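Structural overview
The lines below spell out each chain.
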Amino acid sequence: MLDSVPSLTRLIAELGRLPGVGRKTATRLAFFILQQPEGETQALARALADVKQRVMFCSQCYHVTETDPCLFCRAPDRDEALLCVVEQPQDLLAIERGGGFHGRYHVLHGALSPLDGIGPDALRIPQLIERVKRTGIREVLVATNFTMEGEATALYLSRLLRDFPVRVTRLAHGIPMGGDLEYLDSQTLSGALARRYEIES
Ligand SMILES: [Zn+2]
């Protein structure tokens with residue numbers, strides 16, 4: 001029983017709210033933290049505070065950044081005409097790890113999921129359309145995940161962008177259904193980038 005140590009109980013409860021962390025893992029982590037030297041736990045506490053204080057979303061692509069615009073939006077040698085749309089910042093990082101892409105990015109922060117009440121306005125889709133209107137983008141590569149939601153989002157975007165003078169492409173298969181970009185090896189991902197194709201809507 002941990003009732004007599006409320007701060008430990010609180011830490012376990014907070015850690016238990018993290019994704020993929022059950023009560024057992026939360027308890028193990030809490031005891032690990034407790035056994036660490038004070039300097040290390042302070043560094044962890046500072047990192048937690050800093051991430052909320054310093055990290056923001058880029059006003060152009062909505063990637064995470066500490067400076068606005070972000071590194072990718074500021075880079076002068078990236079192709080302005082090619083825009084890669086991803087669901088999450090982690091997907092952008094996965095594509096960067098692959099190394100085959102030299103355009104700009106747009107992070108949606110999710111995928112369409114009507115059952116969960118996630119419609120276009122809950123994502124950065126209006127901002128994407130604004131970008132396409134405003135700038136000289138010629139190709140929108142929809143690199144959403146190969147899940148039902150990711151595919152639905154790709155189809156929705158291809159229909160929405162039909163009225164604009166842009167090619168809408170999708171990553172080539174070779175990526176398994178249900179596959180998260182984040183967990184793909186860089187070779188599969190760079191191959192899929194190279195073999196991207198036009199979405200028929
Ligand atoms: Zn950016």
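Per-chain numbering applies: the sequence of each chain, read as written, is numbered from 1 onward. It should be noted that, the model being predicted, local features are given only for residues of pLDDT at least 70 and side-chain atom pairs only at 80 or more, the latter also being counted only at that level, while totals for whole chains, interfaces and linings use all residues. With hydrogens and water stripped out, all remaining heavy atoms of the structure feed into the side-chain values.

Some points on the overall build of the protein
A count of helices and strands for the protein gives 8 helices and 7 strands. Residues counted as buried form 38% of the 201 residues belonging to the protein. Any two residues having at least one pair of non-hydrogen atoms within 4.5 Å are treated as being in contact. Expressed as a percentage of contacts within the protein between residues at least 6 apart in sequence, the contacts between residues at least 24 apart total 56%. Per-residue and other accessible areas were derived by the Shrake-Rupley procedure at a 1.4 Å probe size, with only the shown protein chains allowed to occlude residues. For the protein, the computed accessible surface area is about 11,900 Å², with 55% contributed by carbon and sulfur atoms. Within this scheme the basic residues Lys and Arg register as positive and the acidic residues Asp and Glu register as negative, but His and the chain ends are omitted. For charged residues, the charge sits on one atom: NZ in Lys, CZ in Arg, CG in Asp, CD in Glu. Distance from the positive charge centre (23 side chains) to the negative charge centre (25 side chains) of the protein: 1 Å. Each helix corresponds to a stretch of at least 4 residues labelled H or I by DSSP, and each strand to a stretch of at least 2 residues labelled E; elements are numbered beginning at the N terminus. The cut-offs for exposure are 20% and 50% of the maximum accessible area for each residue type, with area from a 1.4 Å probe on protein chains only; residues under the lower value are buried, those over the upper are exposed, and the others partly exposed.

Focus: the coordination of the zinc ion
The zinc ion binds to the protein through Cys58 (SG), Cys61 (SG), Cys70 (SG) and Cys73 (SG); the donor distances cover 2.3 Å. Shown as donors are all N, O and S atoms within 2.8 Å of a metal ion, widened to 3.2 Å for Na, K and Ca; because water is not in the atom set, sites may appear incomplete. Labels for metal geometry use angle windows, namely 85 to 135 degrees for all angles of a four-donor tetrahedral site, and for square planar (four donors) or octahedral (six donors) sites opposite donors over 155 degrees apart plus all others within 65 to 115; sites meeting none of these are irregular. Taken together, the 4 donor atoms coordinating the zinc ion and their angles of 103 to 117 degrees define a geometry best described as tetrahedral. Mapping the donors of the zinc ion onto the primary sequence gives the spacing C-x2-C-x8-C-x2-C. Remark: Cys70 occurs in the loop between strand E2 (64-65) and helix H4 (71-74) and Cys58 occurs in the loop between strand E1 (56-57) and E2; sequence separation between them is 12 residues.

Remarks on the pairing of strand E3 (residues 79-86)
By the criterion of burial, E3 is predominantly enclosed, with 6 of the 8 residues buried. Pairing geometry for E3 and strand E4 (residues 103-107), over 5 bridges, is parallel. Directly across from Leu83, in E4, lies its bridge partner Arg104. A crossover gets the label right-handed when its path from the first strand over the helix to the second runs clockwise, viewed with the strands pointing away from the viewer. For the crossover that starts at E3, traverses helix H5 (residues 89-98) and ends in the parallel E4, the hand is right-handed. Think of it this way: DSSP has to see at least two bridges between two strands before they count as a pair. Pairing of E3 with strand E5 (residues 139-142) involves 4 bridges; the strand directions are parallel. Directly across from Leu82, in E5, lies its bridge partner Glu139.

Points about the domain arrangement of the protein
Put simply, an interface is often sized by how much accessible area is lost when its parts join up. Partitioning the protein into structural domains gives domain 1 (6-54) and domain 2 (64-198). Taking only C-alpha atoms into account, the centre of domain 1 sits 33 Å from that of domain 2. Domains are outlined according to an automatic or database domain assignment.

Observations concerning the packing of aromatic side chains
Each pair of aromatic rings taken from Phe, Tyr and Trp, with Trp reduced to its six-membered ring, is defined by centres within 6.5 Å and is described as stacked if the planes are under 30 degrees apart, edge-to-face if over 60, and tilted in the remaining cases. Taken as a whole and judged by the stated rule, the model has 2 aromatic pairs. Measuring from ring centre to ring centre gives 5.6 Å for Phe72 and Tyr105, while their planes differ by 75 degrees; the resulting arrangement is edge-to-face. Remark: Tyr105 occurs in strand E4 and Phe72 occurs in helix H4; sequence separation between them is 33 residues. Comment: the charge-over-ring label is applied if NZ (Lys) or CZ (Arg) is within 6 Å of the ring centre and within 35 degrees of the ring normal. The aromatic ring of Phe57 is capped on one face by Arg124, whose charged end is 5.7 Å from the ring centroid. A cation over an aromatic ring shows up here: Arg170 above the ring of Phe146, its NZ or CZ 4.4 Å from the ring centre.

Focus: unusual backbone geometry
For the bond running from Asp68 to Pro69, omega is -5 degrees, close enough to zero to count as cis. Relative to the helices and strands, Pro69 is located in the loop between E2 and H4. Even without glycine at this site, Tyr62 takes up a positive phi of about 70 degrees. Here Tyr62 is to be found in the loop between E1 and E2. With a relative accessible area of 14%, Tyr62 lands in the buried category. A positive phi angle, near 65 degrees, is found at His109, a position not held by glycine.

Describing the sheet that holds strand E6 (residues 167-170)
Strand order across the open sheet formed by 5 strands is E4-E3-E5-E6-E7, with mixed pairing between neighbours. With partners counted over all chains shown, the strands left at the sheet margins are E4 and strand E7 (197-198), one partner each. For E6 and E7, the ladder comprises 2 bridges, and the chain directions are antiparallel. Note on E7: the bridge partner recorded for Arg170 is Tyr197. Orientation is described by axes fitted as lines to C-alpha atoms, over the contacting stretch for helices, and by angles from 0 to 180 degrees between their N-to-C directions. Across the sheet, helix H6 (residues 125-134) touches E3, E4 and E5, and the angle it forms with E4 is around 150 degrees.

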